[in-house]
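The residues making up each chain are set out below.
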Amino acid sequence: MTVFFIGAGPGDPELITVKGQRLVRTCPVILYAGSLVPPAVLEGNVAERVVNTAELDLDEIVTLIVEAHREGQDVARLHSGDPSLYGAIGEQIRRIRLVGIPYEIVPGVTATAACAAALGCELTLPDVSQTLILTRFATKTPMPEGERLGDLARHRATMAIHLGVRHLARIVEEIRPHYGDDCPIAVIYRASWPDEERVLGTVADIVDKVRQTDIERTALILVGRVLAAEGFADSSLYAKASGEAEPR
């Protein structure tokens, strides 16, 4: 018996990996985060038990896993995006390791990747930004020392900010001194879902633009010069002399 922590992708049911889809269709127990994982991802399953865990607490979820373990049943534990990013799998893994339940993590397509695809852009460009910072805005849980937005913004790298659209005005004030008013910024609501919505602007005007929408949650904020870069250098990946060895 194994618990498979599976990345269900950002929303589009076709953006789950082949391995993840195979496990969903073969595991006898499925536990899925119903508030973020669309029902279409579960199509084709033959599970004996399918549970939406959106309203369950940690103890209740672990109890379901322990019950499956006693029955010798594999568990497909579905999380949105990639489970290693803000998936809250660490606390689940800690609990099941204490009782000797084996597990495996199956990666998924991240919300950041889906947002880049929606915008039709590359997040790392020569001479513009070769670094991508994935972070979140501090609300209920404080950020560790040195990881506040202002600290990270000093790098002026491409930044993907999770769980912060309700605090967009505060976010803009923290990053403005480092990125500047003219830096491109995008807010993407439910990337890859049928009701996806994109708001494009600059640090100076993005707050007003988002206020004109109904976006209050389930949105990612992308900021960086790569979002509107034109005059960047070609990478060395496809240079005539280099072949396809290593990018950049």
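Taking an unreviewed UniProt entry as the reference, the chain is identified by name as Precorrin-4 C(11)-methyltransferase belonging to Trinickia symbiotica. What the UniProt record of the chain gives under Sequence similarities (unreviewed entry) is the line "Belongs to the precorrin methyltransferase family." In its Pathway (unreviewed entry) section, UniProt records this for the chain: "Cofactor biosynthesis; adenosylcobalamin biosynthesis."

Asks: Help me understand the sheet that holds strand S5 (residues 103–106), please; the structure alone is not making it clear to me.
Replies: Across a sheet, strands are paired by hydrogen bonds formed along the backbone, either parallel or antiparallel in direction. Reading across from one edge, S3-S2-S4-S1-S5 is the order of the five strands in this open sheet, with parallel pairing throughout. Of all the strands in the sheet, the pair left with one neighbour each is strand S3 (49–52) and S5. The sheet shows a mean angle of 15 degrees between the axes of neighbouring strands, direction not considered. Summarising the sheet, strand S2 (residues 29–32) and strand S4 (residues 75–79) pair through four bridges and their orientation is parallel. Across the sheet, the residue bridging to Ile 30 is Ala 76, located in S4.

Asks: Would you take a moment to explain a nonpolar patch on the surface for this structure?
Replies: On the surface, Leu 85, Tyr 86, Leu 132, Leu 134 and Leu 163 cluster together into a nonpolar patch covering about 420 Å² of accessible area. Structurally, Leu 132 can be placed in strand S6 (residues 132–136).

Asks: Whenever I open this one, the packing of aromatic side chains confuses me. Can you help?
Replies: In this description, an aromatic ring pair is defined by two values, namely the gap between the centres and the angle between the planes. All told, the structure shown has one aromatic pair when counted by the stated rule. Cation over ring: Arg 190 sits above Trp 193, and NZ or CZ is 3.8 Å from the ring centre.

Asks: Help me understand helix H2 (residues 58–70) in this model?
Replies: In an α-helix there are 3.6 residues to a turn, and that puts residues three or four apart on one side. Given a rise of 1.5 Å per residue, 13 residues ought to cover 18 Å, and the 18 Å separating the end C-alpha atoms of H2 matches this to within 8%. Buried within H2 we find Ile 61, Val 62, Leu 64, Ile 65, Val 66 and Ala 68. In this structure, the buried side of H2 is in contact with strand S1 (3–7), S2, S3, S4 and helix H3 (89–98). Capping the start of H2 is the job of one residue whose side-chain oxygen sits 3.2 Å from the backbone nitrogen of Asp 59: Asp 57. Looking one or two places after H2, you find Gly 72, whose phi comes out positive at around 70 degrees.

Asks: Help me understand the packing of H2 against H3 in this model?
Replies: Think of two packed helices as two axes; the pair is described by the angle between the axes and how far apart they sit. Put simply, H2 and H3 touch, their axes get as near as 10 Å, and they point 50 degrees apart. Comparing their axes, H3 and H2 come out oblique. Regarding H2 and H3, the two cross each other, and that crossing is right-handed. For the pair H2 and H3, the contacting residues are Leu 58, Asp 59, Ile 61, Val 62 and Ile 65 in the first and Glu 91, Gln 92, Arg 95 and Ile 96 in the second. Classifying every residue of the contact of H2 with H3 gives five nonpolar, one polar and three charged.

Asks: Even after reading the chapter, I still don't get the environment of Ile 6, so can you show me in this structure?
Replies: Mapped onto the elements, Ile 6 comes out in strand S1. A relative accessible area of 0% places Ile 6 in the buried class. Between the alpha carbons of Ile 6 and Glu 60 there is a distance of 19 Å; along the sequence they are 54 residues apart. With residues up to four places along the chain from it excluded, the contact list for Ile 6 reads Ile 16, Gly 20, Leu 23, Val 24, Ala 76, Arg 77, Leu 78, His 79, Pro 83 and Val 106.

Asks: Please clarify how unusual backbone geometry should be interpreted in this entry.
Replies: What you tend to see is this: most non-glycine residues have negative phi, and most peptide bonds are trans. Its identity is not glycine, yet Asp 127 carries a phi of approximately 70 degrees, on the positive side. Summarising the element assignment, Asp 127 is placed in the loop between helix H4 (111–119) and S6. Phi angles above zero are rare outside glycine, and Arg 190 is one such case at about 50 degrees. Within the secondary structure layout, Arg 190 lies in the loop between strand S8 (184–189) and strand S9 (197–202).

Asks: Would you mind showing me how to read the sheet that holds S6 here?
Replies: The strand order across the open sheet formed by five strands is S6-S7-S10-S8-S9, and the pairing between neighbours is mixed. Both outer strands of the open sheet, S6 and S9, are each paired with one neighbouring strand and no more. With direction set aside, neighbouring strand axes in the sheet form an average angle of 15 degrees. Across five bridges, the pairing between S8 and strand S10 (residues 219–223) is antiparallel.

Procedures and definitions
Residues numbered from 1 in each chain as written. Predicted model: local features only at pLDDT ≥ 70, side-chain atom pairs only at ≥ 80, totals over all residues. Heavy atoms only, no water. UniProt positions renumbered as here; feature names shortened; annotations may be inferred. Pairing = 2+ DSSP bridges. Helix = DSSP H or I, 4+ residues; strand = E, 2+ residues; numbered from the N terminus. Axes fitted to C-alpha atoms, helices over the stretch in contact; angles between N-to-C directions. Patch = residues over 30% accessible without salt bridge, like charges linked within 9 Å, V, L, I, M, F, W, Y side chains within 5 Å. Areas by Shrake-Rupley, 256 points an atom, 1.4 Å probe, with all protein chains shown as cover. Salt bridge = Lys/Arg side-chain N within 4 Å of Asp/Glu carboxyl O. Phe/Tyr/Trp six-rings, centres within 6.5 Å; stacked < 30°, edge-to-face > 60°. Lys NZ or Arg CZ within 6 Å of the ring centre and 35° of its normal. Expected span 1.5 Å × (residues − 1). Buried < 20%, exposed > 50% of the residue type's maximum accessible area, 1.4 Å probe, protein only. Contact = heavy atoms within 4.5 Å. Polar contact = N/O pair within 3.5 Å; in protein donor to acceptor, adjacent residues only side chain to side chain. Parallel < 35°, antiparallel > 145°, perpendicular 65-115°, else oblique. Left-handed = near helix turned anticlockwise from the far one by under 90°. Nonpolar A, V, L, I, M, F, W, Y, C, P; charged D, E, K, R; others polar.

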